[in-house]
Amino acid sequence: MGLIDDRFDKNIFITSLDFVFNWARRSSLWWLQFGLACCAIEMISASMSRFDLAERFGMLYRASPRQADMMFIAGTVTKKMAPIVRTLYDQMPEPKWVISMGSCANVGGPYDTYAVLQGVDQVIPVDIYVPGCPPTPEALYYGVLELQNRVIKYETMAKKQGVDAAESQRRADRAEAMAAQV
Ligand code: SF4
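First, a word on what this report is: a plain description of the structure on this page. All of these numbers come straight from a predicted model, not from anything done at the bench. (Residues numbered from 1 in each chain as written. Predicted model: local features only at pLDDT ≥ 70, side-chain atom pairs only at ≥ 80, totals over all residues. Heavy atoms only, no water.)

**Quick look at the overall build of the protein**
Logical step 1: Along its length, the protein carries eight helices and five strands.
Logical step 2: Walking the protein from its N terminus toward its C terminus, one meets helices and strands in the order α-β-α-α-β-β-α-β-α-β-α-α-α.
Logical step 3: Burial status across the protein gives 35% buried among its 182 residues.
Logical step 4: Across the protein, contacts joining residues at least 24 apart in sequence account for 75% of those joining residues at least 6 apart.
Logical step 5: Split by element, the accessible area of the protein, about 11,400 Å² in all, is 58% carbon and sulfur. (Helix = DSSP H or I, 4+ residues; strand = E, 2+ residues; numbered from the N terminus. Buried < 20%, exposed > 50% of the residue type's maximum accessible area, 1.4 Å probe, protein only. Contact = heavy atoms within 4.5 Å. Areas by Shrake-Rupley, 256 points an atom, 1.4 Å probe, with all protein chains shown as cover.)

What follows is the structure in structure tokens.
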């Protein structure tokens, strides 16, 4: 142990678990492999070698919502597709975030028709809206950076509602899980 004796005296820092978890979450957002229309082509372009969205932010496409903690809504959300978008969102584990990409996902875009949802926030909560038709990869980058600023401030339930509330929620979750096993 002689090599590390007295080497760390000046290198100790104190932080919170929330910050460490959020730092890890922010630096490895894995997004659901999912696209709805032409905006998805721009999203794919942003993730390819020229713009390298995935590599720069530690991001990865995941083919299952259960392995994803982020979702780009890239394209026109039709009313037929809206319940499927909601189901995919529900299947993602907490905590999870949504970026609405492009005018169609934000507000229906040019399609003010009976068949198109006038904004994906009618079915799922949205964290960041990226405007444009389609947004450029640079705009999408900006949206991801804004989302990272949001993720680093994410507060656990214990911080928001108190330790007792978190504990009773944990107990309720455990009881529900045990009841499901019976
Ligand atoms: S916003 Fe424009 S580019 Fe994006 S899905 Fe709608 S029509 Fe296509």
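**Observations concerning the nonpolar core**
Logical step 1: Within the largest apolar cluster, 24 residues are counted, with the highest numbers of intra-cluster contacts made by Leu53, Met59, Met70 and Phe72.
Logical step 2: If you list the elements that add at least two residues to this core, you get helix H2 (38–47), helix H3 (53–56), strand S3 (70–74), strand S4 (97–101), strand S5 (128–130) and helix H6 (137–151).
Logical step 3: Looking at which element gives the most residues to this core, the answer is H6, with five residues.
Logical step 4: The residues touching Leu53, leaving out its near neighbours within four places in the chain, are Trp31, Ala46, Ser47, Met59, Phe72, Leu140, Tyr141 and Val144.
Logical step 5: Counting 17 residues, the second largest nonpolar core, distinct from the first, contains Leu32, Ala68, Val98 and Val126. (Core = buried A, V, L, I, M, F, W, Y, C linked by side-chain atoms within 4.5 Å.)

**Considerations on the site of the ligand**
Logical step 1: Near the ligand, the surroundings consist of Ala37, Cys38, Cys39, Gly75, Thr76, Ser103, Cys104, Gly132, Cys133 and Pro134.
Logical step 2: Secondary structure elements with two or more residues in the shell around the ligand: H2 and helix H5 (102–107).
Logical step 3: By residue class, the composition of the shell around the ligand is six nonpolar, four polar and no charged. (Near = heavy atom within 4 Å. Nonpolar A, V, L, I, M, F, W, Y, C, P; charged D, E, K, R; others polar.)

**Structural notes on the pattern of salt bridges**
Logical step 1: Going through the model one piece at a time under the given rule, you end up with two salt bridges.
Logical step 2: Across the pair Asp90 and Arg86 runs a salt bridge whose closest N-O atoms are separated by 2.9 Å. Separated by four residues within a single helix, Asp90 and Arg86 lie in helix H4 (residues 82–91), roughly one turn from each other.
Logical step 3: Given a relative accessible area of 31%, Arg86 falls into the partly exposed group.
Logical step 4: In this structure, the salt-bridge partner of Asp127 is Arg150, at a minimum N-O distance of 3.5 Å. (Salt bridge = Lys/Arg side-chain N within 4 Å of Asp/Glu carboxyl O.)

**Comments concerning a nonpolar patch on the surface**
Logical step 1: On the surface, Phe19, Val20 and Trp23 cluster together into a nonpolar patch covering about 290 Å² of accessible area.
Logical step 2: With respect to the secondary-structure elements, Phe19 resides in helix H1 (residues 17–27). (Patch = residues over 30% accessible without salt bridge, like charges linked within 9 Å, V, L, I, M, F, W, Y side chains within 5 Å.)

**Re the pairing of S4**
Logical step 1: In terms of burial, S4 is a largely internal element, five of the five residues being buried.
Logical step 2: Here S4 shows two buried faces, one formed by Trp97, Ile99 and Met101 and the other by Val98 and Ser100.
Logical step 3: Sheet analysis places S3 next to S4, joined by five bridges and oriented parallel. Bridge pairing in S4 places Ala74 opposite Met101.
Logical step 4: Following the backbone out of S3, through H4 and into the adjacent parallel S4, one traces a crossover that is right-handed. (Pairing = 2+ DSSP bridges. Right-handed = clockwise from strand over helix to strand, strands pointing away.)

**Side note on the packing of aromatic side chains**
Logical step 1: If you walk through the whole model with that rule in mind, you get four aromatic pairs.
Logical step 2: Taken together, a centroid distance of 5.4 Å and an interplanar angle of 65° make the contact between Phe57 and Tyr141 edge-to-face. With a gap of 84 residues between them, Phe57 in the loop between H3 and strand S2 (60–62) and Tyr141 in helix H6 connect regions that are remote in the sequence. For the residue pair Phe57 and Tyr141, the accessibility class agrees, reading buried in each case.
Logical step 3: Among the aromatic residues, those joined into a ring-pair cluster are Trp31, Tyr61 and Phe72.
Logical step 4: We note Lys96 situated over the ring of Tyr89; from NZ or CZ to the ring centre the distance is 4.3 Å. (Phe/Tyr/Trp six-rings, centres within 6.5 Å; stacked < 30°, edge-to-face > 60°. Lys NZ or Arg CZ within 6 Å of the ring centre and 35° of its normal.)

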